[in-house]
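# Residue-level structural notes
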Amino acid sequence: MSGTQKYPGLPLLPPPFAAQQPPLAKVVEEKCIACDRCLPVCFFDALRIEERPGHALGRSAVVTAAHCTGCGLCFETCPVDAFVWVPDMSSSPSRPGTRI
Amino acid sequence: MLTTLFLGMELRSPVIVASGPASHDVNQISLAERHGAGAVVLKTACSDKYQHMRFWPRPRYKLLDWDKQIAGRSKQFSLYSYEQGYSGSLEDYWEFIRVCKRHAGIPIVGSIFADEAGDWAAMAAEVEMAGADAIELDISSPHRPGSLEFDTTSVAAMRAVVGRVHIPVLAKLAPGTNVLKQAEAAEQAGAHAVTLCNRLQGIDVDIESQRPILHGYYAGIGGPWAKYYTMRHIAEAYRTVHIPISGTGGAITGEDVVKYILVGASTVQVLSAILINGWETIARMNEEITGYMQRKGVDRLESIRGQAVASMTPPDNIVRWSGEPLDGTRNIWKEPGP
Ligand SMILES: Cc1cc2nc3c(=O)[nH]c(=O)nc-3n(C[C@H](O)[C@H](O)[C@H](O)COP(=O)(O)O)c2cc1C
Ligand code: SF4
Ligand code: SF4
């Protein structure tokens, strides 16, 4: 189903770089309509709305990279698919081969 | 009105925050408290042997079949996720408990996972020493290694912990065909309560890439639909075991909490609804339970516990009628029309 919806939310697969660098959520500010829907689902205190004088709406959601655990839940809430994954270049490579 | 006596603790509500990402940080405890939770079960800490479980894949949560109701009003979703233990070290976890206890006005339940009985007991002793009011043994995570057998590992773990600590011990069991036997085994091993049930393991597939979604392996899966089998497990256990039951799985409204109590639960642990619909879920549940009690003239939840089990109809007594047509015709073939 997810792939056929207008706003599919979280992509079904991790971004290609996820095996090398941990993904962080990022808001594409030009897309954000500052609807606040993503804020309450972040249980890691990583989302806030900031003033953006140049933005059409004057404000945008922003991810605090240092708090983001890359859980993916905010992607699901966004009605305009404003979230993207970016590699966290400050972090050492993730631990591959996690035993199950 | 909602006050619930549970394992010697006086809870101001039967609604408890279940172990998971809503109880992974000290600052979430005040949120839980402010929204009316009766207690909090902290995120499960894994023994050092399972250090890898302290690391999580990214992403690790996907909402499937979601009705996308915002403002805390979703009624349908499946939360598909792969998140294992508490992300810090054991030292961090003991300090987590200490800080929670220093600031919280509601009971704090520690939660642990290990394999060997000695590790379970040693960790339980630390949880007690850090000040937790009770301890829950996560012997049922959908992500636990498949090699751990209930009859040996889990029973030994429960025995070892009960023998070591003085705080109440809850055994959190997995749903499925064995839950009743396991609840009986938990009672025999000395557990003071059972938590029924953890989530199921499932898998979803991306048909474009033909691969399992997200991390590429089975995931924990739950949602409001889980309430029906959860209630059945609670009802069965309520009939059979004599220790209190903490229900968990699928509750999203105060009505659900009332139902869990009617089938025998003493408390109800909630997580997914808080994640999807927000912390206000707890306050709303409390209001709805209170509304129900006022409408029905119930002053203590204890007085209705297990009512629906007491009035269940055994299969032999179910009123049955013929499923045949009155005129007795059968096996008369009619050609299907064009
Ligand atoms: C993301 C996530 C993480 C969880 N982590 C734990 C855990 O660490 N320990 C545990 O005992 N249960 C864990 N659970 C299970 C919950 O505590 C709860 O029992 C279960 O989700 C059923 O309740 P719910 O339908 O209200 O979510 C987790 C559940 C989810 C969704
Ligand atoms: S990915 Fe998760 S942790 Fe990161 S901003 Fe989104 S909701 Fe918060
Ligand atoms: S949900 Fe999307 S559009 Fe709404 S505030 Fe968050 S990022 Fe912006």
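Here, the structure is the one placed above.
What counts, and at which threshold
- Residues numbered from 1 in each chain as written.
- Chains lettered and ligands numbered in written order.
- Predicted model: local features only at pLDDT ≥ 70, side-chain atom pairs only at ≥ 80, totals over all residues.
- Heavy atoms only, no water.
- Near = heavy atom within 4 Å.
- Nonpolar A, V, L, I, M, F, W, Y, C, P; charged D, E, K, R; others polar.
- Contact = heavy atoms within 4.5 Å.
- Buried area = accessible area lost by both parts, 1.4 Å probe.
- Salt bridge = Lys/Arg side-chain N within 4 Å of Asp/Glu carboxyl O.
- Polar contact = N/O pair within 3.5 Å; in protein donor to acceptor, adjacent residues only side chain to side chain.
- Helix = DSSP H or I, 4+ residues; strand = E, 2+ residues; numbered from the N terminus.
- Buried < 20%, exposed > 50% of the residue type's maximum accessible area, 1.4 Å probe, protein only.
- Areas by Shrake-Rupley, 256 points an atom, 1.4 Å probe, with all protein chains shown as cover.
- Phe/Tyr/Trp six-rings, centres within 6.5 Å; stacked < 30°, edge-to-face > 60°.
- Pairing = 2+ DSSP bridges.
- Axes fitted to C-alpha atoms, helices over the stretch in contact; angles between N-to-C directions.
- Right-handed = clockwise from strand over helix to strand, strands pointing away.

Another point: the site of ligand 3. With respect to spatial proximity, 13 residues lie near ligand 3, and among them Cys32, Ile33, Cys35, Cys38 and Cys78 of chain A are the closest. A breakdown of the residues in the shell around ligand 3 according to their chemical character gives 11 nonpolar, no polar and 2 charged.

Turning next to the interface of chain A and chain B. Of the residues lining the interface, 31 residues belong to chain A; the matching set on chain B comes to 29 residues. Around 2800 Å² of area is buried between chain A and chain B when both sides are counted, 62% of it from carbon and sulfur atoms. On the surface where chain A and chain B come into contact, there are 1 salt bridge. Our enumeration of links across chain A and chain B arrives at 10 residue pairs in polar contact (both at pLDDT 80 or more). Of all the secondary-structure elements, those providing two or more residues to the side of chain A that touches chain B are strand S1 (23-27) and helix H1 (73-77) of chain A. If you tally residues by element for the side of chain A that touches chain B, the top one is H1 of chain A, at 3 residues. Residues belonging to the side of chain A that touches chain B are distributed by class as follows: 19 nonpolar, 8 polar and 4 charged.

All names here are of chain B. With respect to the helices and strands, the residue glutamine 188 is situated in helix H5 (residues 179-188). Taking relative accessible area as the criterion, glutamine 188 reaches 67% and is therefore assigned exposed. Linking glutamine 188 and arginine 159, residues 29 residues apart in sequence, is a C-alpha distance of 8.9 Å.

Residue and element names in this part refer to chain B. If you check the shell around ligand 1, you find 21 residues, and the closest are Ser19, Thr44, Lys172, Gly250 and Ser272. Within the side chain of threonine 44, a nitrogen or oxygen atom sits 2.5 Å from a nitrogen atom of ligand 1. Within the side chain of serine 272, a nitrogen or oxygen atom sits 2.5 Å from an oxygen atom of ligand 1. With the chains in place, 96% of the 610 Å² that ligand 1 exposes on its own is no longer accessible. Grouping the constituent residues of the shell around ligand 1 by class yields 6 nonpolar, 10 polar and 5 charged.

What follows covers the packing of aromatic side chains. Scanning the entire structure with this criterion turns up 13 aromatic pairs over all chains. In textbook terms, an aromatic cluster arises when at least three aromatic residues are bridged by ring pairs, as seen for Tyr86, Tyr93, Trp94 and Phe96 of chain B.

Now for the sheet that holds strand S12 (residues 200-202) of chain B. All names here are of chain B. If you walk across this open sheet you meet the 4 strands as S6-S7-S15-S12, and the pairing is antiparallel. Only two strands of the sheet have a single partner each, and these edge strands are strand S6 (61-64) and S12. Within this sheet the neighbouring strands show an average axis-to-axis angle of 35 degrees, counted without direction. Where strand S7 (residues 78-81) meets strand S15 (residues 219-222), 3 bridges bridge the pair, whose relative direction is antiparallel. Considered in S15, the bridge of leucine 79 is made with glycine 222.

Residues and elements named next belong to chain B. With 5 of 5 residues buried, strand S10 (residues 169-173) is to be regarded as a mostly interior element. In S10, alternate side chains face the same way, and those of Val169, Ala171 and Leu173 on one face and Leu170 and Lys172 on the other are all buried. As paired strands, strand S9 (residues 134-138) and S10 are joined by 4 bridges and run parallel to one another. Paired with aspartate 138 across the strands is lysine 172, a residue of S10.

What follows deals with the pairing of strand S17 (residues 267-270) of chain B. Residue and element names in this part refer to chain B. Burial of S17 is two-sided: the residues Thr267 and Gln269 facing one way and the residues Val268 and Val270 facing the other way are all buried. As paired elements, strand S3 (residues 15-17) and S17 share 3 bridges and run parallel to each other. In the sheet register, valine 15 faces S17, and the bridge partner there is valine 268. When strand S16 (residues 245-248) meets S17, the two strands line up parallel, connected through 3 bridges. Across the sheet, the residue bridging to serine 246 is threonine 267, located in S17. Each parallel crossover has a hand, and for S16 linked through helix H7 (residues 254-262) to S17 it is right-handed.

Tracing the chain through its elements places glutamate 76 of chain A in helix H1. For glutamate 76 of chain A, a relative accessible area of 2% puts it in the buried group. A distance of 2.9 Å separates the side chain of glutamate 76 of chain A from the backbone nitrogen of leucine 63 of chain B, its partner in a polar contact.

With that out of the way, let us pick up the pattern of salt bridges. Counted under the stated rule, the structure contains 16 salt bridges over all chains. A salt bridge links aspartate 36 of chain A to arginine 59 of chain A; the nearest nitrogen and oxygen atoms lie 3.8 Å apart. Highlighted residues: aspartate 36 of chain A in the loop between S1 and strand S2 (47-51) and arginine 59 of chain A in strand S3 (residues 59-63), separated in sequence by 23 residues. Judged by its relative accessible area of 34%, aspartate 36 of chain A falls in the partly exposed class. The closest approach of N and O atoms between glutamate 95 of chain B and arginine 98 of chain B, which form a salt bridge, is 2.9 Å. Residue glutamate 95 of chain B and its partner arginine 98 of chain B are both found in helix H2 (residues 90-103); the two are separated by 3 residues, about one turn of the helix. For glutamate 95 of chain B, a relative accessible area of 33% puts it in the partly exposed group. The structure contains a network of salt bridges with shared partners spanning Glu29, Arg48, Glu50 and Arg52 of chain A.

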